[in-house]
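# Architecture at a glance
As a plain string of letters, each chain reads:
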Amino acid sequence: MTTLYFIAIGVFITYIVTTCLYFTAIPKSISETYYMWQDRGVGYIFTLFMFACSFLFVLPWIEVSEPYTECFAFISCGALMFVGAAAQFKERLTNVVHYTSAGIWAVSAIIWTILNDVCISILVGLIYGLVFWAVSRKSFTFWAEFACVMMMICAIGIKLFIP
């Protein structure tokens, strides 16, 4: 399980760093990277990124879940896949699916974190998000999404490595 967890973190970091370096900018949001890559003809990279992170995180996340909270990890990862599947959030047909799925992902991750007694990871995510936003002074949505991912990574890591 630890291998999947670390590969998922690697995929996330690689995608974010590669995107920021390639476009020499911090995007408005993680979802905005779809359109950045789409302009280069490879928007599917965003969808693959979302699917890969979902598939890689779901097993370790469920494995470390307290009884009866596994569903929140599963729902969160499933919602993340829908975010990737409905990548075109600026389009009328897919924006409701995209935004609803993003909300479900974040809310499910936060509920799981609270129910699994790893609330410190919420603070860790907030600190990461606020510090990076304070340094860059732009792309608030990007850093808010980043904070939620950091909370998720931290919460799973705590459960995985601290008995």
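Everything in this summary refers to the structure shown in the same document. (Residues numbered from 1 in each chain as written. Predicted model: local features only at pLDDT ≥ 70, side-chain atom pairs only at ≥ 80, totals over all residues. Heavy atoms only, no water.)

The next point concerns the packing of helix α3 (residues 44-63) against helix α4 (residues 70-85). As a packed pair, α3 and α4 sit with axes 8 Å apart at the nearest point and diverge in direction by 175 degrees. Taken together, the axes of α3 and α4 lie roughly antiparallel to each other. Where α3 approaches α4, its residues Phe46, Thr47, Met50, Phe51, Cys53, Ser54, Phe55, Phe57, Val58, Trp61 and Ile62 are matched on the opposing element by Glu70, Ala73, Phe74, Ser76, Cys77, Leu80, Met81, Val83, Gly84 and Ala85. Counted by class, the contact of α3 with α4 contains 16 nonpolar, four polar and one charged residues. (Axes fitted to C-alpha atoms, helices over the stretch in contact; angles between N-to-C directions. Helix = DSSP H or I, 4+ residues; strand = E, 2+ residues; numbered from the N terminus. Parallel < 35°, antiparallel > 145°, perpendicular 65-115°, else oblique. Contact = heavy atoms within 4.5 Å. Nonpolar A, V, L, I, M, F, W, Y, C, P; charged D, E, K, R; others polar.)

Time to look at the layout of surface pockets. One number sums up the size of the largest pocket: a volume of about 580 Å³. Lining the largest pocket are 36 residues, and of these Trp105, Thr141, Ala144, Glu145 and Cys148 sit closest to its centre. Elements with a minimum of two residues in the lining of the largest pocket: α3, α4, α5 (92-115), α6 (120-136) and α7 (140-161). Take the lining of the largest pocket: its biggest share by element is ten residues, from α7. Residue composition of the lining of the largest pocket, by class: 26 nonpolar, seven polar and three charged. (1 Å grid on protein atoms, 1.4 Å probe; cavity = no way out; pocket = protein on both sides within 12 Å on 5 of 7 lines; lining within 4 Å. Points joined across faces, edges and corners; volume = space filled by probe spheres on them.)

In this model α7 runs 31 Å from its N-terminal to its C-terminal C-alpha over 22 residues, within 8% of the 32 Å that 1.5 Å per residue would give. Burial analysis of α7 places 17 of its 22 residues in the buried class, the great majority of the element. (Expected span 1.5 Å × (residues − 1). Buried < 20%, exposed > 50% of the residue type's maximum accessible area, 1.4 Å probe, protein only.)

Attention now moves to the packing of aromatic side chains. Taken as a whole, this structure holds 24 aromatic pairs when the rule is applied. Between Phe142 and Phe146 the ring centres are 6.5 Å apart and the planes differ by 20 degrees, which places this aromatic pair in the stacked class. With a gap of four residues between them, Phe142 and Phe146 both fall in helix α7, about one helical turn apart. On the basis of relative accessibility, which here comes to 11%, the residue Phe146 falls in the buried class. (Phe/Tyr/Trp six-rings, centres within 6.5 Å; stacked < 30°, edge-to-face > 60°.)

For the rest of this paragraph, the subject is the nonpolar core. Counting residues in hydrophobic clusters, the biggest one holds 46 residues, and the most contacted among them are Phe12, Ile30, Phe46, Phe49, Phe57, Trp61 and Trp105. By residue number, the principal contributor to this core is α7, which donates twelve residues. (Core = buried A, V, L, I, M, F, W, Y, C linked by side-chain atoms within 4.5 Å.)

All right, on to the packing of α5 against α7 then. The interhelical angle for the contact between α5 and α7, taken along N-to-C directions, is 35 degrees, at an axis separation of 10 Å. In the crossing of α5 with α7, the sense of the turn from one axis to the other is left-handed. Here α5 contributes Trp105, Ala106, Ala109, Ile110, Trp112 and Thr113 to the contact with α7, which in turn contributes Glu145, Cys148, Val149, Met151, Met152, Ala155, Ile156 and Lys159. Across the contact of α5 with α7, the residue classes break down as eleven nonpolar, one polar and two charged. (Left-handed = near helix turned anticlockwise from the far one by under 90°.)

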